[in-house]
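Topology and contacts: notes
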Amino acid sequence: MWFWTMSVVGDVWFGFSWLLNQLPKFNPVKTIPDMVALRRQYDLPDGTSTLPGIDVFVTTADPIDEPILYTMNCVLSILASDYPVDRCACYLSDDSGALIQYEALVETAKFATLWVPFCRKHCIEPRAPESFFEQEAPLYTGSAPEEFKNDHNSVYIEYDEFKERLDSLSSAISKRSDAYNSMKTEEGDANATWMANGTQWPGSWIDTTEIHRKGHHAGIVKVVLDHSIRGHNLGSQASTRNLNFASTDVRLPMLVYISRGKNPSYDHNKKAGALNAQLRASALLSNAQFIINFDCDHYINNSQALRAAMCFMLDQRQGDSTAFVQFPQRFDNVDPSDRYGNHNRVFFDGTMLALNGLQGPSYLGTGCMFRRIALYGIDPPEWRHANIVVDDKRFGSSIPFLESVSKAINQERSTIPPPISETLVAEMERVVSASHDKATGWGKGVGYIYDIATEDIVTGFRIHGQGWRSMYCTMERDAFCGIAPINLTERLHQIVRWSGGSLEMFFSLNNPLIGGRRIQSLQRVSYLNMTVYPVTSLFILLYALSPVMWLIPDEVYIQRPFTKYVVFLLVIILMIHVIGWLEIKWAGVTWLDYWRNEQFFMIGSTSAYPAAVLHMVVNLLTKKGIHFRVTSKQTAADTNDKFADLYDMRWVPMLIPTTVVLIANVGAIGVAMGKTIVYMGAWTIAQKTHAALGLLFNVWIMVLLYPFALAIMGRWAKRPVILVVLLPVAFTIVCLVYVAVHILLLSYLTF
């Protein structure tokens, strides 16, 4: 009876969950940016442009887990993007405060004097050098094909030298610091870390001290590349490689290094805190009307991407009410079969795109362009008051920053930032200090939201709740690409953080049922679906473990008549998949993507999602939130295999339920085969039918857990045919053991 009750509750929840997933797709709308119209309206005949400014934010937390080369490729793709140079600025936030990140950025700026003109001259894609040079035969669309080969070879050589310089930075900084420290005359002085200009680095030192370690140092702001109108003073490397950029724009966008101040006495608020620090610092320098943020492992894959987002922001119909434009996440390190559903196209290309028919998609953490005033918590035009009070209680005590907020609200645009001075840099360092946003509206109604693992969804929810809308932008050539965790354990850790943060949102003041006063009804349903979906895993796990009932001698029925019940379930499942087929056909998703989504949802439902629910229960009881863990982008040591990390099995406790489910289903099929042999003459036709229908469920779970079974095999999974052999052998062994035990017991009882 208890199982029947749980089954009914589970089926009711499945139906409710399905409705939550379907209702927001009531009015699906596809949107495509019109680049030709944008250029016709904003690009002038003299080569200049009237497009508004964009501040690009890049965040990195650690140079170990997030390799420097990835971060610098991200920066290079931004500097080389097809957007007016004088209206674009790139801000790199380094949460580690490490000198190696700053000096790597300086090296990147030097290499950019060669790389950026090369990209513009030959119209290459993508404009991240690591990805570009990995291509076996890059498609050429430039106007100088006879020069391309020579330029390509020269830039490739320079890029190799650039990577070597990055690799040698750690030892160079260490040797330089040792040399400077040895010249000190006073004994007992701390061993500082020294910059190339002979000054002490204000951030984390190699030999850490109390105020020079990760998590405890002053704020740092350094302008690596000033605005193009004032020049860069870097020189050009083109002459050293005999490259001709005479007819090419060699200017570079502004480039700024930021490391927000940290102090053990204050909560740093993870990524949201870093983004808010960038938001304040950029307001004092460039104060662009629009902002787009990237994780450091992403890069601009389509140089037109920034312009594409502008098509929606400047749309004369709903542009002024559009707070942000979200792009899908794409990854270029995923194995061809996408074993663990990293691309997640059913969600990105189906669910998110369909939300354009409502208020729009949610904010998904990276590759999203914002309207600055929307992040400031200002209402959309139709709800905005005439006189908005900009006070220090809400925005902080910096007078220049308060003035910049007023200018942003009044849309007072200045394409040329103020000259770099010691006073300006000091003020920027002040607004990125550890305690600047304490006792203010930052992280609540201003900026990116604090105190939750998934700051992205809650930030988008807060903006939608004010009445703003958003748009989802897809391009024929993917706008952005990044690095995904292709190792199963790392992927599941990522899922735990996302799903745990979603549950946190449900139990917070941002609950979709009560929060967001101006959110449309179906938009509210979509947010509710995003916050409660992990609960579904509890019932899936229960069903997935039910095959152990095969081990019980007597037959167990969930419903009677059992045959009609199974047929009923099959009809429902078939109907759901037909609807799924219609959705993916509309979204342009392949069957493989759809199937991988189904498989990984089963894996997650027996591991990551229950773990997230457990975390949430602990959170409610102990008030301890979801632990933030930076997803490691380091790969396995086997550099000869691009997908080596895919075959590295790293066992963690959350994989135990999935393993049990897999073993239970293998055992259930084996026992069922054994029972068929033992009771062949005793079972009625109805009993045989019940057994056959019951096995369909076991086989279905086995098929869904196929990627997990490959993960267990480790490097043997490179030959999946081995699994096809092992499973029948396992079934047969269990079957024979069951028959043998049955015979022994029968003999014992007879004796």
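A quick note: this is a predicted structure, and the numbers were derived from the prediction, not measured. (Residues numbered from 1 in each chain as written. Predicted model: local features only at pLDDT ≥ 70, side-chain atom pairs only at ≥ 80, totals over all residues. Heavy atoms only, no water.)

What about the sheet that holds strand β2 (residues 88–94)?
In spatial order, the strands read β3-β4-β2-β1-β5-β8-β7-β9; together these eight strands make up an open sheet with mixed pairing. Two strands bound the open sheet, and with one partner strand each, they are β3 (220–225) and β9 (469–472). Taking each pair of neighbouring strands and ignoring which way they run, the sheet shows an average axis angle of 20°. Strand direction decides the pairing type here: strand β1 (residues 54–60) and β2, joined by seven bridges, are parallel. Bridge assignment links valine 56 to a residue of β2, and that residue is cysteine 90. Of the strands in this sheet, β1, β2, β4 (254–259) and β5 (290–295) are in contact with helix α3 (residues 68–79), which crosses β2 at around 170°. (Pairing = 2+ DSSP bridges. Helix = DSSP H or I, 4+ residues; strand = E, 2+ residues; numbered from the N terminus. Axes fitted to C-alpha atoms, helices over the stretch in contact; angles between N-to-C directions. Contact = heavy atoms within 4.5 Å.)

Let's talk about the packing of aromatic side chains
Here the structure, examined in full by the defined rule, presents 38 aromatic pairs. When the ring of phenylalanine 132 is compared with that of phenylalanine 133, the centres are 5.2 Å apart and the planes differ by 65°; the resulting orientation is edge-to-face. Taken as a pair, phenylalanine 132 and phenylalanine 133 share a single burial class, namely buried. Ring centres 4.9 Å apart and planes at 20° place the aromatic pair tyrosine 180 and tryptophan 194 in the stacked group. Remark: tryptophan 194 occurs in the loop between α6 (145–182) and β3 and tyrosine 180 occurs in helix α6; sequence separation between them is 14 residues. (Phe/Tyr/Trp six-rings, centres within 6.5 Å; stacked < 30°, edge-to-face > 60°. Buried < 20%, exposed > 50% of the residue type's maximum accessible area, 1.4 Å probe, protein only.)

Comments concerning the state of the cysteines
Following the criterion strictly, the structure yields zero disulfides and no others. Its sulfur unpaired, cysteine 88 is 7.3 Å from the next cysteine sulfur, which belongs to cysteine 90. Under the relative-accessibility criterion, cysteine 88 is labelled buried at 6%. (Disulfide = S-S within 2.5 Å.)

Some points on the UniProt feature "signal peptide" (unreviewed entry) in the protein chain
The sites that carry the UniProt feature "signal peptide" (unreviewed entry) are, in the present numbering, residues 1–17. Spanning residues 1–17, this segment combines 94% helix with 0% strand, and its end C-alpha atoms are found 24 Å apart. (UniProt positions renumbered as here; feature names shortened; annotations may be inferred.)

Topic: the packing of helix α1 (residues 2–22) against helix α16 (residues 521–532)
The N-to-C vectors of α1 and α16 enclose an angle of 130°; their axes lie 8 Å apart at closest approach. Here α1 lies oblique to α16, going by the angle between them. Remark: the crossing between α1 and α16 carries left-handed chirality. For the pair α1 and α16, the contacting residues are Trp13, Phe16, Ser17, Leu20 and Asn21 in the first and Val525, Leu528, Asn529 and Val532 in the second. (Parallel < 35°, antiparallel > 145°, perpendicular 65-115°, else oblique. Left-handed = near helix turned anticlockwise from the far one by under 90°.)

So, the UniProt feature "binding site: UDP-alpha-D-glucose" (unreviewed entry) in the protein chain
UniProt records the feature "binding site: UDP-alpha-D-glucose" (unreviewed entry) for Glu66, Asp95 and Lys270 in the present numbering. Turning to its location among the elements, aspartate 95 is positioned in the loop between β2 and α4 (99–122). For aspartate 95, a relative accessible area of 9% gives the class buried. Not counting chain neighbours up to four residues away, the residues in contact with aspartate 95 comprise Thr60, Ala61, Arg260, Lys262, Lys270 and Ala274. Note that lysine 270 resides in helix α7 (residues 270–285).

Comments concerning the nonpolar core
Within the largest apolar cluster, 78 residues are counted, with the highest numbers of intra-cluster contacts made by Ile54, Trp115, Leu255, Met310, Phe327 and Met369. Those residues within four positions of phenylalanine 327 in sequence are excluded, and the remaining contacts are Ala305, Ala308, Ala309, Gly367, Tyr472, Cys473, Met475, Ala479 and Phe480. Val256, Ala283, Tyr376 and Val425 belong to the second largest nonpolar core, which has 43 residues in total. (Core = buried A, V, L, I, M, F, W, Y, C linked by side-chain atoms within 4.5 Å.)

Some details on the packing of α3 against α4
The description of two helices packed together rests on the angle between their axes and the distance between the axes. Viewed as axis vectors pointing N to C, α3 and α4 meet at an angle of 40°, and their least axial separation amounts to 9 Å. By the angle between their directions, the pair α3 and α4 is classed as oblique. In the crossing of α3 with α4, the sense of the turn from one axis to the other is right-handed. Where α3 approaches α4, its residues Ile68, Met72, Val75, Leu76 and Leu79 are matched on the opposing element by Ile100, Gln101, Ala104, Leu105, Thr108, Phe111, Ala112, Trp115, Val116 and Arg120. Residue composition of the contact of α3 with α4, grouped by class: twelve nonpolar, two polar and one charged. (Nonpolar A, V, L, I, M, F, W, Y, C, P; charged D, E, K, R; others polar.)

A look at the pairing of β2
Counting buried positions over the seven residues of β2 gives seven, a clear majority of the element. Burial along β2 is two-sided: Cys88, Cys90, Leu92 and Asp94 and Ala89, Tyr91 and Ser93, pointing in opposite directions, are all buried. Pairing of β2 with β4 involves five bridges; the strand directions are parallel. Across the sheet, residue leucine 92 finds its bridge partner in β4, namely tyrosine 257.

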